[in-house]
Amino acid sequence: MTHVSVTVNGVQHDAEVEPRTLLVYFLRENLGLTGTNVGCDTSSCGACTVLLDGDSVKACTLLAAQADGREVTTIEAMATDGELHPLQKAFHENHGLQCGYCTPGFIMAADSLIREASGPLTEEDIRRGLEGNLCRCTGYHNIVKSILAAQESMGANA
Ligand code: FES
Ligand code: FES
């Protein structure tokens, strides 16, 4: 077993995990944070996207041990004080989801994309930036629309 100390959504967690434990299973099974989904076993769907020290990563591509000493943010921390995050609101208002399975991953990836952009994102920037996230239901149009709406209300780089 390996000892890991990971700060998740602002709370430090110390645990003994098997060295092969993936970060996504550490979050879901050890911490009960099941908003981070597993949608494939080929690192291709992005349903497991979280922020690691503020950057989006696929949590199925990292070992829990690789997050030792680092900060992870999951979808559970996006709403604050009972208020949805602007991205969550925008997905709701613009019908950016159907089954919702991919949505946490899209929101985490979009949050990082918006924050890291040097200016307002275009539709093409969003489509390119979220190539690593797959949705089986929506056809992407309303996801892109949601992210365009959210970036305005986030005031980022506007
Ligand atoms: S579960 Fe991680 S990319 Fe699909
Ligand atoms: S809303 Fe169903 S997979 Fe995207």
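Preceding this section is the structure that the text describes.
Predicted model only: the values in this text are computed from it and were never measured. (Residues numbered from 1 in each chain as written. Chains lettered and ligands numbered in written order. Predicted model: local features only at pLDDT ≥ 70, side-chain atom pairs only at ≥ 80, totals over all residues. Heavy atoms only, no water.)

Peer 1: Help me get a handle on helix 1 (residues 23–30), residues and values and all.
Peer 2: Among the residues making up helix 1, those that are buried are Leu-23, Val-24, Phe-26 and Leu-27. The arc that holds every buried residue of helix 1, seen down its axis, measures 165°, which confines them to one face. On its buried face, helix 1 sits against strand 1 (2–8), strand 2 (11–17), strand 3 (49–52) and strand 5 (71–73). Of the residues one or two after helix 1, Gly-32 is the one with positive phi, at around 70°. (Buried < 20%, exposed > 50% of the residue type's maximum accessible area, 1.4 Å probe, protein only. Helix = DSSP H or I, 4+ residues; strand = E, 2+ residues; numbered from the N terminus. Arc of directions from axis to C-beta. Contact = heavy atoms within 4.5 Å.)

Peer 1: Can you tell me about the packing of helix 2 (residues 86–93) against helix 3 (residues 103–116), naming the residues and giving the values?
Peer 2: Following both chains from N to C, one finds helix 2 and helix 3 inclined at 125°, their axes separated by 10 Å at the closest point. Considered as vectors, helix 2 and helix 3 are oriented oblique to each other. Crossing handedness for the pair helix 2 and helix 3: right-handed. Counted together, Leu-87, Gln-88 and Phe-91 of helix 2 and Thr-103, Phe-106, Ile-107, Ala-110, Asp-111 and Ile-114 of helix 3 form the full contact between these two elements. (Axes fitted to C-alpha atoms, helices over the stretch in contact; angles between N-to-C directions. Parallel < 35°, antiparallel > 145°, perpendicular 65-115°, else oblique. Left-handed = near helix turned anticlockwise from the far one by under 90°.)

Peer 1: Residues and numbers for the side chain of Thr-138, please.
Peer 2: Residue placement: Thr-138 occurs in the loop between helix 4 (123–129) and helix 5 (141–154). Residue classification places Thr-138 among the buried residues on the basis of a relative accessible area of 17%. A polar contact is formed between the side chain of Thr-138 and the backbone nitrogen of Tyr-140, at a distance of 3.1 Å. Sequence-distant contacts of Thr-138, that is, excluding residues within four places in its chain, are made with Gly-96, Leu-97, Gln-98 and Ile-143. (Polar contact = N/O pair within 3.5 Å; in protein donor to acceptor, adjacent residues only side chain to side chain.)

Peer 1: Can you tell me about the sheet that holds strand 1, naming the residues and giving the values?
Peer 2: Strand order in the open sheet formed by five strands is 2-1-5-3-4, with mixed pairing between adjacent strands. Each of the sheet's edge strands pairs with one partner strand only, and the pair in question is strand 2 and strand 4 (55–58). Each strand axis lies, on average, 40° off the axis of its neighbour in the sheet, ignoring direction. Where strand 1 lies against strand 2, seven bridges are found, and the strand directions are antiparallel. The partner of Thr-2 across the bridge, within strand 2, is Val-17. Here helix 3 sits on the sheet in contact with strand 3, strand 4 and strand 5, set at roughly 40° to strand 3. (Pairing = 2+ DSSP bridges.)

Peer 1: Which residues make up unusual backbone geometry, and what values do they have?
Peer 2: With a phi close to 50°, Asp-53 is a non-glycine residue in the positive phi region. Along the chain, Asp-53 turns up in the loop between strand 3 and strand 4. The partly exposed category is assigned to Asp-53, whose relative accessible area is 44%. Unlike most non-glycine residues, Tyr-140 shows phi in positive territory, near 75°. With respect to the helices and strands, Tyr-140 occurs in the loop between helix 4 and helix 5. Tyr-140 sits in the partly exposed class, given a relative accessible area of 26%.

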